[in-house]
Amino acid sequence: MISCMIIRHSSITNLTKFKLLRFLFYQANFEIHVVKKDTALIYIWHIQQTDLWQAVSILALTDLEIGYGFGLNKREARKKADHVLRKWQKGRTLSTGSQT
């Protein structure tokens, strides 16, 4: 199984996001990519779902927008992570009443 986590924030650099992701998953086999100027993602192989959920809950306390997903391959995991990220962004817009 492959896990995917996407993190987005407009004022935090991707280098900082990379360091954060490396810190959270230093023991795992992972691959980090820049998606956009404000977005980075990580694929993680053979990690327990609870370990990823714990990282998401830690990051949820920050101002980062987060998407995560699990799949049999990177494409499936990324698709699910994108879906969660869109829901996260929609919920944030509804809760704050602002447009992002």
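Structure: above.
What this report covers is the structure whose coordinates are included nearby. (Residues numbered from 1 in each chain as written. Predicted model: local features only at pLDDT ≥ 70, side-chain atom pairs only at ≥ 80, totals over all residues. Heavy atoms only, no water.)

Brief notes about the pairing of strand S2 (residues 29-36)
With 7 bridges connecting them, S2 and strand S3 (residues 39-45) associate as antiparallel partners. Paired with Ile 32 across the strands is Ile 42, a residue of S3. Here S2 folds back onto S3 in antiparallel fashion, the turn holding 2 residues. (Pairing = 2+ DSSP bridges. Helix = DSSP H or I, 4+ residues; strand = E, 2+ residues; numbered from the N terminus.)

Regarding the nonpolar core
Across soluble globular proteins, nonpolar side chains have a tendency to be buried as a group. Met 5, Leu 21, Phe 25, Ile 42 and Ile 66 are the most contacted members of the largest nonpolar core, which totals 17 residues. Sorting the residues of this core by element identifies strand S1 (2-8), helix H1 (14-24), S3, helix H2 (49-59) and strand S4 (65-71) as the ones contributing at least two each. The greatest single-element share of this core, amounting to 4 residues, is contributed by H2. By size, the runner-up hydrophobic cluster in this structure holds 8 residues, among which are Cys 4, Tyr 43, Ala 77 and Ala 81. (Core = buried A, V, L, I, M, F, W, Y, C linked by side-chain atoms within 4.5 Å. Buried < 20%, exposed > 50% of the residue type's maximum accessible area, 1.4 Å probe, protein only.)

With respect to the environment of Ile 6
Secondary-structure assignment places Ile 6 in strand S1. Accessibility expressed as a relative area gives 2% for Ile 6, which makes it buried. Distance from Ile 6 to Arg 78, taken between C-alpha atoms, is 8.3 Å for residues 72 residues apart in sequence. In this view, Ile 6 contacts Thr 39, Ala 40, Leu 41, Glu 65, Ile 66, Gly 67, Arg 78, Ala 81, Asp 82 and Leu 85; residues no more than four positions away in its chain are not counted. (Contact = heavy atoms within 4.5 Å.)

Describing H1
Within H1 the residues assigned to the buried category are Asn 14, Lys 17, Phe 18 and Leu 21. Seen along its axis, H1 keeps its buried residues to an arc of 100°; they face one direction. Exposed residues lying more than 90 degrees from the buried face of H1 are Leu 15, Lys 19 and Phe 23. Contacts from the buried residues of H1 go to S1, S2 and S3. (Arc of directions from axis to C-beta.)

The quantities given are spatial measurements derived from coordinates; they are silent on function.
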